[in-house]
Amino acid sequence: MANFLHSLRRRRRKHLAGHAAAAGRGDQRVAVIGLGRFGSSLAHELMRRGWDVLGVDTDPHLVQRLSDDLTHTAVADCTDPEVLRQLGVHEFSSAVVGIGTDIEASILIASNLLDVNVPNIWAKAISRQHGQILERLGVHHVVLPEHEMGERVAHLVTGRMLDFIEFDDDYALVKTVAPTISTGMPLGESQVRSKYGVTVVGIKRPGEGFTYATAETVIEKGDVIVVTGKIHDVESFAELS
């Protein structure tokens, strides 16, 4: 553990400039605890999206496999609250518990994260009963594996999208808060499609239901919109929110 902490401090100094640049966009650090298929997929997608990822697992082989792909990695047992403290997870804005099969470990780790007041905790559940226990503990977001996949959750963890559905041929449907650049004028005049490569297909105003968007639709501040387009384009557009 001492060697890891020394390495972590060294790597944090190395990435200081990057963190300073990210500060203007909010804290973009996340701890992913459990590096199986779900956790590793999630961690890779978050890295692709520019987040600072700490990957933790008790299996040294999994950690070694991802050591060159993630910002930081550690072989550690996060059921021990002291381990979480030494890793500095309490300083992160988000944490994901990717452990599913070991329900006891999942619950203990989630409880430890809640105890140190991590603002956004996501946890994988292997059953609805497991999910209900996590929810009763106070976990902010519970992911059922039959409904969610790591890459989709990664888009949601970033906080820019309210929902994300990927289709074939690199297209996606995204629900997000309307960026300022799309408000105050009819969609036909906003040139959202020509400038950003996305199409607004639906709109939800606070207190109202979803309606289809037309060229005459005027989006207002605070509206939730549904847009579709190439994954890169909808990601970039949502980042404007």
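It should be noted that the structure appears before, not after, this text.
Below, the structure is looked at part by part. Since this is a predicted model, take the numbers as computed values, not measurements.

1. A short note on helix α6 (residues 103-115)
Step number 1: In this model α6 runs 18 Å from its N-terminal to its C-terminal C-alpha over 13 residues, within 8% of the 18 Å that 1.5 Å per residue would give.
Step number 2: All of the buried residues in α6 are Ala105, Ser106, Ile109, Ala110, Asn112 and Leu113. All buried residues of α6 project into a common sector of 160° when viewed along the axis, lining one side. Of the exposed residues in α6, those oriented more than 90 degrees away from the buried face are Glu104 and Asp115.
Step number 3: Elements that come into contact with the buried residues of α6 comprise β1 (29-33), α5 (81-87), β4 (94-97), β5 (120-124) and α7 (128-137).
Step number 4: Immediately beyond the C-terminal end of α6, within one or two residues, lies Asn117, with a positive phi of roughly 60°.

2. Thoughts on the pairing of strand β8 (residues 171-177)
Step number 1: Covered by surrounding structure in β8 are Ala172, Val174 and Thr176 only, the residues Tyr171, Leu173, Lys175 and Val177 on the alternate face being uncovered.
Step number 2: Bridge analysis of strand β7 (residues 163-166) against β8 gives four bridges, and the strand direction is antiparallel. Looking across to β8, one finds that Ile165 is bridged to Leu173.
Step number 3: Pairing between β8 and strand β11 (residues 224-230): seven bridges, direction antiparallel.

3. Thoughts on the environment of Ile165
Step number 1: Tracing the backbone through its elements, the reader meets Ile165 in strand β7.
Step number 2: The class for Ile165 is partly exposed, based on a relative accessible area of 37%.
Step number 3: A C-alpha to C-alpha distance of 9.0 Å links Ile165 and Lys175, two positions ten residues apart in sequence.
Step number 4: Here Ile165 is in contact with Tyr171, Ala172 and Leu173, once residues within four sequence places are set aside.

4. Concerning the pairing of strand β3 (residues 72-75)
Step number 1: For strand β2 (residues 52-57) and β3, the ladder comprises four bridges, and the chain directions are parallel. Each bridged residue has a counterpart across the sheet, and for Leu54 the counterpart in β3 is His72.
Step number 2: Handedness of the crossover joining β2 and β3 through helix α4 (residues 60-66): right-handed.

5. Side note on the pattern of salt bridges
Step number 1: Applying the stated criterion across every chain, the model contains seven salt bridges.
Step number 2: Among the ionic pairs, Arg48 bridges to Glu45, the shortest N-O distance being 2.8 Å. In this pair, Arg48 and Glu45 both sit in helix α3 (residues 37-48), three residues apart, roughly one turn of the helix.
Step number 3: Exposure remark for Glu45: the relative accessible area of 7% places this residue in the buried category.
Step number 4: Across the pair Arg205 and Glu220 runs a salt bridge whose closest N-O atoms are separated by 3.8 Å. Taken together, the residues Arg205 in the loop between β9 (198-204) and β10 (210-212) and Glu220 in the loop between β10 and β11 connect sequence positions 15 residues apart.
Step number 5: Residue classification places Glu220 among the partly exposed positions, given a relative accessible area of 42%.
Step number 6: Members of the salt-bridge network, linked through shared partners, are Glu45, Arg48, Arg49, Glu235 and Glu239.

Cut-offs and rules
Residues numbered from 1 in each chain as written. Predicted model: local features only at pLDDT ≥ 70, side-chain atom pairs only at ≥ 80, totals over all residues. Heavy atoms only, no water. Helix = DSSP H or I, 4+ residues; strand = E, 2+ residues; numbered from the N terminus. Expected span 1.5 Å × (residues − 1). Buried < 20%, exposed > 50% of the residue type's maximum accessible area, 1.4 Å probe, protein only. Arc of directions from axis to C-beta. Contact = heavy atoms within 4.5 Å. Pairing = 2+ DSSP bridges. Right-handed = clockwise from strand over helix to strand, strands pointing away. Salt bridge = Lys/Arg side-chain N within 4 Å of Asp/Glu carboxyl O.

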